[in-house]
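What the coordinates show
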Amino acid sequence: MSTITEDLTRPREQKGWRVVDIVVAAVLGVAVGLVFWAYNNSIATFWGPIDAVLPGLAGLIAGIWFLGGTLGGLVIRKPGAALLVELLAATVSVLPGNKWGITTLYSGLAQGLGAEIVLALFFYRLWNLPVAMLAGLGAGVGAWVNEWILGNREMTMAFNLTYLVCLMISGAVLAGALGWLVTKLLADAGALDRFASGRRSTH
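This section reports on the structure supplied with the text. Since the model is a prediction, treat every value here as computed from it, not as a measurement.

**Notes on the nonpolar core**
Generally speaking, soluble globular proteins have nonpolar side chains that are buried together. Membership of the largest hydrophobic core comes to 42 residues, with the highest contact counts inside it found for F66 and I76. Secondary-structure elements contributing two or more residues to this core are α2 (19–40), α4 (67–76), α5 (81–94), α6 (103–121), α7 (129–150) and α8 (157–188). Once residues lying within four places of it in the same chain are set aside, the contact partners of F66 are F36, E86, Q111, G136, A139, G140, A143, L167, G171 and A175.

Here it is, written out as structure tokens:
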């Protein structure tokens, strides 16, 4: 509890975006976008077989697609970073072509907003594992809302509830916890020395 209180009473990080923030956001967006592209052509091919077991269950492997938002937010720690990196990653992943086309950008926008809203609720001052997992969960909710608008509203309530729960779990683990771990590893390696995320460990 004391850690949370200390974090919330700390002065907010420098508000304005620096050139290094923009450059790192771009680098993260490209790197995560390539991860998305590789994921599209590997593990995500199991989506159909998993969903055949229980409609909506495949949401458990969707969390990797939310990683840009949590990682961008945790590393850069500026308002808008989660949304920007997730949207950049979605753009990069669609350039070589995929079966979802332009709707990939809608997904990136919704997922980035989901993570961004959670980080904003903590005033961009708390960056521990639980908050990272909540941000990933928020990205999952954003993904669900986007897909409901794009067509899942025609599906059964059982499917949509199952899919929502699976997206939230997957987002919390594969985007939130994994994003937090990657940020910590980058910080420990000295790659984030010009960022608050590298000057003090995430807790």
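**Quick look at the environment of G138**
Positionally, G138 belongs in helix α7. Overall, G138 belongs to the buried group, its relative accessible area being 7%. Through-space distance from the C-alpha of G138 to that of R194 is 28 Å; in sequence the pair is 56 residues apart.

**Let's talk about the environment of G142**
Tracing the backbone shows G142 in helix α7. G142 sits in the buried class, given a relative accessible area of 13%. Note: C-alpha distance between G142 and I117 (25 residues apart in sequence) is 9.8 Å.

**So, α7**
Helix length check: α7, at 22 residues, gives a terminal C-alpha distance of 32 Å against a target of 32 Å (1.5 Å per residue), a fit within 8%. Buried residues of α7: V131, A132, A135, G136, G138, A139, G140, G142, A143, W144 and N146, and no others. Buried residues belonging to α7 abut α4, α6 and α8. The opening residue of α7 is N128, an N-cap whose side-chain oxygen sits 3.0 Å from the backbone nitrogen of V131. Taken from the residues just after α7, G151 is the one with a positive phi, measuring 160°.

About the thresholds
Residues numbered from 1 in each chain as written. Predicted model: local features only at pLDDT ≥ 70, side-chain atom pairs only at ≥ 80, totals over all residues. Heavy atoms only, no water. Core = buried A, V, L, I, M, F, W, Y, C linked by side-chain atoms within 4.5 Å. Buried < 20%, exposed > 50% of the residue type's maximum accessible area, 1.4 Å probe, protein only. Helix = DSSP H or I, 4+ residues; strand = E, 2+ residues; numbered from the N terminus. Contact = heavy atoms within 4.5 Å. Expected span 1.5 Å × (residues − 1). Polar contact = N/O pair within 3.5 Å; in protein donor to acceptor, adjacent residues only side chain to side chain.

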